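Structure at a glance
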Amino acid sequence: CTLCSLCVLCDLFSSIGGAIKPVVTFTPNWGNILGGDDVTLTCDVPSTVPEEPRTYHWYKDKRPIPGDQQRLHIFVSSVERDSGDYQCQTIGGDISDPVFLNVTDNYLILQRPPSVIYEGDPLTLRCHHWRFYDAINKKFYKDDQEIKSSESDSTFHIPNIMMSQSGLYKCTKQIQLNGGSNVQELSDVSLISVKELFSPPEIKVTPSRVIEGDEMTVRCDTRLDPLRGGTELYFAFYRDGRTVQGYNVSDTYRVQSSQLEDSGNYTCEVRTRSDTVRKMSDEIYIQIYDYTVQNIIRLVISGFVLSAAVCFTYFHNKW
């Protein structure tokens with residue numbers, strides 16, 4: 001029994017450790033850098049205990065590397081030494097998912113965040129060149145259409161990116177080599193694919209046939225991407241374009257005793273807490289059936305069934 005209890009405790013600690021999965025982040029937040037750039041990797045561990053002391057372990061390409069602090073500093077990066085998948089882990093906790101740091105020897109790169117980009121996220125792209133050269137005429141393109149031109153600003157920012165803004169992004173710069181006597185226009189591209197945060201909502205009503213006096217439940221059904229499971233969604237319901245339930249965290253609208261005037265065209269809307277993503281369902285018509293009429297229909301049907309049964313019995317016995 002003692003051994004069984006210990007096993008249960010081990011399973012419990014294992015499950016607790018498994019729930020605390022760290023995340024590796026970069027500062028500056030670029031997944032691709034030039035050789036010679038500096039970057040700091042941070043092991044972020046979700047916890048309800050502030051400033052909890054921990055010992056950290058770092059891995060590159062699944063092999064342990066020196067470092068036992070929350071932050072790992074890389075100074076004057078090189079392609080051979082520093083490119084690869086980075087992970088971190090705390091004692092008793094799960095290892096993080098790998099995050100790839102791409103170090104290149106190009107004169108110019110288009111930098112983007114290393115993480116997956118979801119609709120509603122802010123996105124910043126940076127047209128970055130080797131520090132020892134000067135550059136002029138910075139331009140950004142999306143699918144070969146120019147979207148920004150600047151002499152001084154090397155970044156392009158989208159506050160809340162939408163899925164329709166997915167595409168092939170490119171930046172160009174005129175690099176002044178050899179003290180400015182030789183000018184070359186260089187470019188780099190990056191495919192930006194924006195993932196769906198949650199699916200377009202769909203209205204579902206219970207019961208499927210609502211009779212006057214019944215309790216009616218209208219649900220706004222949507223699917224949130226599991227990797228963003230902590231995103232808080234808010235729901236609102238409308239009948240014939242008018243609000244019947246304002247935004248709150250409940251995805252359900254209930255009518256305790258449905259009345260005929262509750263019939264109408266229903267829609268629901270879902271948005272994020274920050275209101276960066278908002279989606280409306282298709283319209284469906286919900287009919288509340290009259291209780292008296294339904295009873296008459298039931299009586300007529302019951303009478304017809306009863307008459308048919310009597311006739312069948314009569315002719316069956318006669319034959």
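Residues numbered from 1 in each chain as written. Predicted model: local features only at pLDDT ≥ 70, side-chain atom pairs only at ≥ 80, totals over all residues. Heavy atoms only, no water.

**Some details on the overall build of the chain**
Applicable threshold: In this text, helices come from DSSP runs of H or I with a minimum length of four residues, and strands from runs of E with a minimum of two, each type numbered from the N-terminal end. Three labels apply to residues, based on accessible area from a 1.4 Å probe with only protein chains included: buried if under 20% of the type maximum, exposed if over 50%, partly exposed otherwise in between. In what follows, residue pairs with any heavy atoms lying within 4.5 Å of each other are defined as contacts. Per-residue accessibility takes into account occlusion by the displayed protein chains alone, with areas from the Shrake-Rupley method and a 1.4 Å probe.
Across its full length, the chain carries three helices and 25 strands. Sorting the 319 residues of the chain into buried and exposed places 36% on the buried side. Pairs at least 24 apart in sequence give 60% of the contacts found in the chain among residues at least 6 apart. Entry remark: accessible area of the chain is about 19100 Å², with carbon and sulfur atoms responsible for 54%.

**Quick notes on the sheet that holds strand β2 (residues 32–34)**
Here is the rule we go by: The pairing criterion is simple: DSSP has to find at least two bridges between the two strands. To obtain each axis, a line is fitted to C-alpha atoms, and for helices this fit is confined to the stretch in contact; angles are then taken between N-to-C directions over 0 to 180 degrees.
If you trace the five strands from one edge of the open sheet to the other, you get β2-β8-β7-β4-β5, paired in mixed fashion. Because the sheet does not close on itself, it has two edges, and the strands there are β2 and β5 (63–65). Taking each pair of neighbouring strands and ignoring which way they run, the sheet shows an average axis angle of 35°. Relative to strand β8 (residues 99–104), strand β7 (residues 84–90) runs antiparallel, the two being bridged by three bridges. For Gly84, the partnering residue across the bridge sits in β8 and is Leu101.

**Thoughts on the pattern of salt bridges**
Any two side chains of opposite charge can pair if their charged atoms end up close together. Where we set the bar: In the sections that follow, a salt bridge refers to a side-chain nitrogen of Lys or Arg positioned within 4 Å of a carboxyl oxygen of Asp or Glu.
Taken as a whole and assessed by the stated rule, the structure comprises 17 salt bridges. A salt bridge links Glu232 to Arg273, with the shortest nitrogen-to-oxygen separation between them at 3.4 Å. Remark: Arg273 occurs in the loop between β22 (264–272) and β23 (278–280) and Glu232 occurs in the loop between β18 (216–221) and β19 (233–239); sequence separation between them is 41 residues. Given a relative accessible area of 33%, Glu232 falls into the partly exposed group. One connected set of salt bridges, linked through shared partners, spans Lys204, Arg219, Asp221 and Asp251.

**Focus on the packing of aromatic side chains**
Cut-off, in case you're wondering: Two rings belonging to Phe, Tyr or Trp (six-membered ring only in the last case) form a pair when the distance between their centres is within 6.5 Å. Interplanar angles under 30 degrees mark stacking, angles over 60 mark edge-to-face geometry, and anything in between is tilted. Whether a charge sits over a ring depends on NZ of Lys or CZ of Arg being within 6 Å of the ring centre and within 35 degrees of the ring normal.
Counted under the stated rule, the structure contains six aromatic pairs. Ring geometry for Trp130 versus Tyr133: centroids 5.6 Å apart, planes at 65°, classification edge-to-face. Feature note: the residues Tyr107, Trp130, Phe132 and Tyr133 constitute an aromatic cluster, connected by ring pairs. Note that Arg271 overlies the ring of Tyr234, its terminal NZ or CZ placed 5.4 Å from the centroid. Seen from the ring of Tyr247, Arg271 lies directly overhead, with NZ or CZ sitting 4.5 Å from the centre.

**Section: unusual backbone geometry**
With an omega of -5°, the peptide bond running from Thr27 to Pro28 counts as cis. In this fold, Pro28 is placed in the loop between β1 (23–27) and β2. Cis geometry is found at the peptide bond from Thr206 to Pro207, where omega equals -5°. Here Pro207 lies in the loop between β16 (202–206) and β17 (210–211). One non-glycine residue with positive phi stands out, namely Asp61, at about 55°. Examined against the element boundaries, Asp61 turns out to sit in the loop between β4 (56–60) and β5. A positive phi is found at Val76, a non-glycine position, where the angle reads about 50°. Inspection of the secondary structure puts Val76 in the loop between β6 (71–74) and α2 (79–82).

**Details of the sheet that holds strand β13 (residues 155–158)**
If you trace the three strands from one edge of the open sheet to the other, you get β9-β10-β13, paired in antiparallel fashion. Looking at strand neighbours, the two that pair on one side only are β9 (108–111) and β13, the edges of this open sheet. Between one strand and the next, the sheet's axes are offset by a mean angle of 5°, whatever the strand orientation. Alignment of strand β10 (residues 123–129) against β13, held across four bridges, turns out to be antiparallel. Within the sheet, the bridge partner assigned to Arg126 lies in β13 and is Thr155.

**Digging into the nonpolar core**
The line we're drawing: In this description, a nonpolar core means a group of buried Ala, Val, Leu, Ile, Met, Phe, Trp, Tyr and Cys residues linked to one another through side-chain atoms lying within 4.5 Å.
Membership of the largest hydrophobic core comes to 19 residues, with the highest contact counts inside it found for Met216, Val218 and Phe237. Put simply, the parts of the chain that give this core at least two residues each are β18, β19, β21 (252–255) and β22. If we ignore the near neighbours within four places in the chain, the residues touching Val218 are Ile203, Lys204, Val205, Phe237, Asp251, Thr252, Tyr253 and Ile286.

**Re the side chain of Ser83**
This is how it is decided: Side-chain atoms alone can form a polar contact between residues adjacent in sequence; in general such a contact is a pair of N or O atoms within 3.5 Å, and within protein one must be able to donate a hydrogen while the other accepts it.
On the secondary structure map, Ser83 appears in the loop between α2 and β7. At 3.0 Å, the side chain of Ser83 and the backbone nitrogen of Val103 are in polar contact. With residues near it in sequence (within four places) discarded, Ser83 still touches Lys60, Asp61, Ser78, Leu101, Asn102 and Val103.

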